[in-house]
Amino acid sequence: QVQLVESGGGLVQAGGSLRLSCAASGRTFSGFAMGWFRQAPGKEREFVATISRSGVSTRYGDSVKGRFTISRDNAVNTVYLQMNSLKPEDTAVYYCAAGTTTWATTTQTNFGFWGQGTQVTVSS
């Protein structure tokens, strides 16, 4: 088991930045690929970013490429999502997830552990 707790969400104006954090506890953090997903009202949950166990490999959803950066610090069991140039369409609940693949997977079903989510609201 691994427990995930997101933080860092909030209200920001368009063009602004936020950094989300996800603290993990339980099983060895470095044994998990980590991902961020988001769900806007009335929409399906979508992939945002993922990072491999070592942090060497990352992948991003098309809508956030060049604006968001995922990183991890295995020494403090935390994964981050730096979000720059935010747009109103980035408004959603953002979820952190952990999966046991060795690669930076983008497939939701590969993530067996999920946090409760943190709200990000971008005003125009």
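The notes below deal with the structure included here.

Parameters at a glance
- Throughout, residues of each chain are indexed from 1 in the direction in which the sequence is written.
- Since the coordinates come from a predicted model, pLDDT governs what is reported: local features require at least 70, and pairs of side-chain atoms require 80 or more to be given and counted, while whole-chain, interface and lining totals use all residues.
- Each side-chain value is worked out from all heavy atoms of the structure, with water and hydrogens disregarded.
- In this text, helices come from DSSP runs of H or I with a minimum length of four residues, and strands from runs of E with a minimum of two, each type numbered from the N-terminal end.
- The classification of residues rests on relative accessible area computed with a 1.4 Å probe and restricted to protein chains. Under 20% of the type maximum is buried, over 50% is exposed, and intermediate values are partly exposed.
- When checking whether two residues touch, look at their non-hydrogen atoms; a contact exists if any pair is within 4.5 Å.
- By the convention used here, strands pair only if DSSP detects at least 2 bridges between them.

Some points on the environment of Leu86
The residue Leu86 is located in the loop between strand S8 (78-83) and strand S9 (92-99) in this model. Judged by relative accessible area, which is 2%, Leu86 ranks as buried. When the C-alpha positions of Leu86 and Val120 are compared, they lie 10.0 Å apart, and in sequence the two are 34 residues distant. If we ignore the near neighbours within four places in the chain, the residues touching Leu86 are Val12, Ala14, Gly15, Gly16, Ser17, Leu18, Arg67, Phe68 and Val122.

Thoughts on the side chain of Thr105
For Thr105, the position within the fold is in the loop between S9 and strand S10 (111-114). Every residue in contact with Thr105, bar those within four places of it in the chain, is listed here: Phe47, Thr50, Asn110 and Phe111.

Looking at the pairing of strand S1 (residues 2-7)
Looking along a regular strand, one sees the side chains alternate between the two faces of the sheet. Residues of S1 alternate between two faces, with Val2, Leu4 and Glu6 buried on one and Gln3, Val5 and Ser7 left unburied on the opposite face. Of the strand pairs in this sheet, S1 and strand S3 (residues 18-26) are connected by 6 bridges, and their pairing is antiparallel. Following the sheet pairing, Val2 is matched in S3 by Gly26.

Everything listed here is a matter of geometry and, on its own, says nothing about what the molecule does.
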